[in-house]
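Chain and residue survey
Next come the chains, spelled out residue by residue.
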Amino acid sequence: MELFPLLLLALAFVALIVLPARARKRQQTQTQSALAIGVPVTMAGGVYGSVAGLDDPATIQVQIAPGVVVTYARQAVIQVRPAAGEVPGPLATGETVVDPAVDGPSVRDDRPGDGPSGKTL
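Rules used throughout
- Residues numbered from 1 in each chain as written.
- Predicted model: local features only at pLDDT ≥ 70, side-chain atom pairs only at ≥ 80, totals over all residues.
- Heavy atoms only, no water.
- Helix = DSSP H or I, 4+ residues; strand = E, 2+ residues; numbered from the N terminus.
- Buried < 20%, exposed > 50% of the residue type's maximum accessible area, 1.4 Å probe, protein only.
- Contact = heavy atoms within 4.5 Å.
- Areas by Shrake-Rupley, 256 points an atom, 1.4 Å probe, with all protein chains shown as cover.
- Pairing = 2+ DSSP bridges.
- Axes fitted to C-alpha atoms, helices over the stretch in contact; angles between N-to-C directions.
- Core = buried A, V, L, I, M, F, W, Y, C linked by side-chain atoms within 4.5 Å.
- Patch = residues over 30% accessible without salt bridge, like charges linked within 9 Å, V, L, I, M, F, W, Y side chains within 5 Å.
- Salt bridge = Lys/Arg side-chain N within 4 Å of Asp/Glu carboxyl O.

1. Side note on the overall build of the protein
Summing up its helical and strand segments, the protein has two helices and five strands in all. Classification of the 121 residues of the protein by burial places 17% in the buried group. A separation threshold of at least 6 residues defines the contact pool for the protein, and within that pool the share at least 24 residues apart is 31%. When the accessible surface of the protein is totalled, it reaches about 9600 Å², and 63% of it is carbon and sulfur.

Structure, rendered in structure tokens:
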């Protein structure tokens with residue numbers, strides 16, 4: 001009975017720290033395995049470019065401008081972006097995308113108030 005709080009604390013540590021870190025690592029591994037030449041990527045420093053070479057398993061060559069190729073560690077790839085001109089669709093099956101320009105004007109609240117939108121803060 002005396003060890004119950006300690007056991008509860010250990011379970012909370014695993015649930016809040018270890019499991020999310022493991023999920024992030026799995027996602028990063030999937031992202032890095034999806035790399036191919038010509039795929040647009042975002043690097044850890046915020047640099048946007050496209051994959052120019054995958055010669056070494058530990059590094060990646062990224063073209064950041066026409067004729068400018070830099071070498072990064074594979075772990076620096078944060079995100080694989082959709083190709084230019086490609087419109088990302090719904091994120092999940094059954095999810096709908098709402099376009100305000102097509103779906104009509106937004107509802108406006110014209111009641112007096114303090115803020116620039118006419119609503120009381």
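2. Side note on the sheet that holds strand β4 (residues 68–73)
Spatially, the five strands line up as an open sheet ordered β4-β3-β2-β1-β5, and their pairing is antiparallel. Every interior strand has two partners, whereas the edge strands, β4 and β5 (77–80), have only one. Going across the sheet, the axis of each strand differs from the next one's by a mean of 45°, ignoring polarity. Relative to strand β2 (residues 48–53), strand β1 (residues 40–43) runs antiparallel, the two being bridged by three bridges.

3. Some points on the nonpolar core
Listed in full, the nine residues of the largest apolar core are Leu35, Val39, Val41, Met43, Val51, Ile60, Val62, Ala76 and Val77. Mapped onto this core, the elements with two or more residues apiece are β1 and β3 (59–65). Aside from chain neighbours lying at most four places away, what touches Ile60 is Leu35, Met43, Val51, Gly53, Leu54, Val70, Thr71, Tyr72, Ala73, Arg74 and Val77.

4. Things to note about the pairing of β4
By the bridge criterion, six bridges tie β3 to β4 in an arrangement that is antiparallel. The partner of Val62 across the bridge, within β4, is Val70. Taking the residues between adjacent antiparallel strands as the criterion, β3 and β4 are bridged by two residues, where Gly67 takes a positive phi near 85°.

5. Structural notes on a nonpolar patch on the surface
Residues Phe13, Val14, Leu16, Ile17 and Leu19 make up a contiguous nonpolar surface patch of roughly 490 Å² in combined accessible area. Residue placement: Leu19 occurs in helix α1 (residues 4–33).

6. Let's talk about the side chain of Gln61
Mapped onto the elements, Gln61 comes out in strand β3. For Gln61, the residues in contact, after removing those within four places along its chain, are Ser50, Val51, Ala52, Gly53, Leu54, Asp55, Val69, Val70 and Thr71.

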